[in-house]
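Read off the chains here:
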Amino acid sequence: MSRRFCCHLLQALTPGYLRWGHLEMIRLMVNRNMDDRRMFAIWRIDPPWKPITRKGQGQRMGGGKGAIDHYVTPVRANRMIVEMGGTVEFDIVRPILESITKKLPLRSWVVNQEMLERKEMEEEFEEGVNQNPFTMEFLINNNMQSCQTWLGKYDKMWHMKYK
């Protein structure tokens, strides 16, 4: 019997912030449900490093910036959050990672390498088959219908891909 190591990932679909509590929840769920002899987990994001400031309730306007309230980890769209792997099938890891996705403050999905490759191939196929010359990239770059006025900076940068 050959042993095949597989990697299963939790991928963020939308951008957002993860607090310390979210990372602790991920750690607890993974450690409680993971079989140490057959599986491993790798963090693909940094610990919270970005300070978020707040002023106390009832404070008047002005007086400078408030004190640091907590720290967060910014997560971009399509960023891998956690990787679980080892000699384990996707059907065993999927419920663990799906229970984590339900509790995160951003949209995410459970994926393996085959699914990522298939998604990339589908996007390339759709781009190659598309006969419409008016793609979102064309519309935004040429400011059709004055869309530059109502689009955000990330819509302009990613051409409405992550809506």
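The rules behind the values
- Residues numbered from 1 in each chain as written.
- Predicted model: local features only at pLDDT ≥ 70, side-chain atom pairs only at ≥ 80, totals over all residues.
- Heavy atoms only, no water.
- Helix = DSSP H or I, 4+ residues; strand = E, 2+ residues; numbered from the N terminus.
- Rg over C-alpha atoms; globule rule 2.2 N^0.38 Å.
- Contact = heavy atoms within 4.5 Å.
- Areas by Shrake-Rupley, 256 points an atom, 1.4 Å probe, with all protein chains shown as cover.
- Lys, Arg positive; Asp, Glu negative; His and termini not counted.
- Charge placed at Lys NZ, Arg CZ, Asp CG, Glu CD.

1. Here we look at the overall build of the chain
Item 1. From N to C terminus, the chain includes 5 helices and 7 strands.
Item 2. In sequence order, the chain lays out its α and β elements as β-β-α-β-β-β-β-α-β-α-α-α.
Item 3. At 21 Å, the chain has a C-alpha radius of gyration far larger than the 15 Å of a compact globule built from 163 residues.
Item 4. For the C-alpha atoms alone, the extent of the chain along its principal axes is close to 60 × 55 × 20 Å.
Item 5. Sequence-distant contacts in the chain: of pairs separated by 6 or more residues, those separated by 24 or more amount to 71%.
Item 6. In the form shown here, the chain has an accessible surface area of approximately 11,900 Å², with 52% of it arising from carbon and sulfur atoms.
Item 7. With 25 positive and 19 negative side-chain charges, the chain shows a separation of 11 Å between the mean positions of the two kinds.

2. Some details on unusual backbone geometry
Negative phi characterises most residues that are not glycine, and trans characterises most peptide bonds.
Item 1. A positive phi angle, close to 50°, is found at N143, a residue other than glycine.
Item 2. Turning to its location among the elements, N143 is positioned in the loop between α4 (136-141) and α5 (153-158).
Item 3. Here the phi dihedral of H159 falls at roughly 55°; this positive angle occurs in a residue that is not glycine.
Item 4. By the element assignment, H159 lies in the segment after α5.

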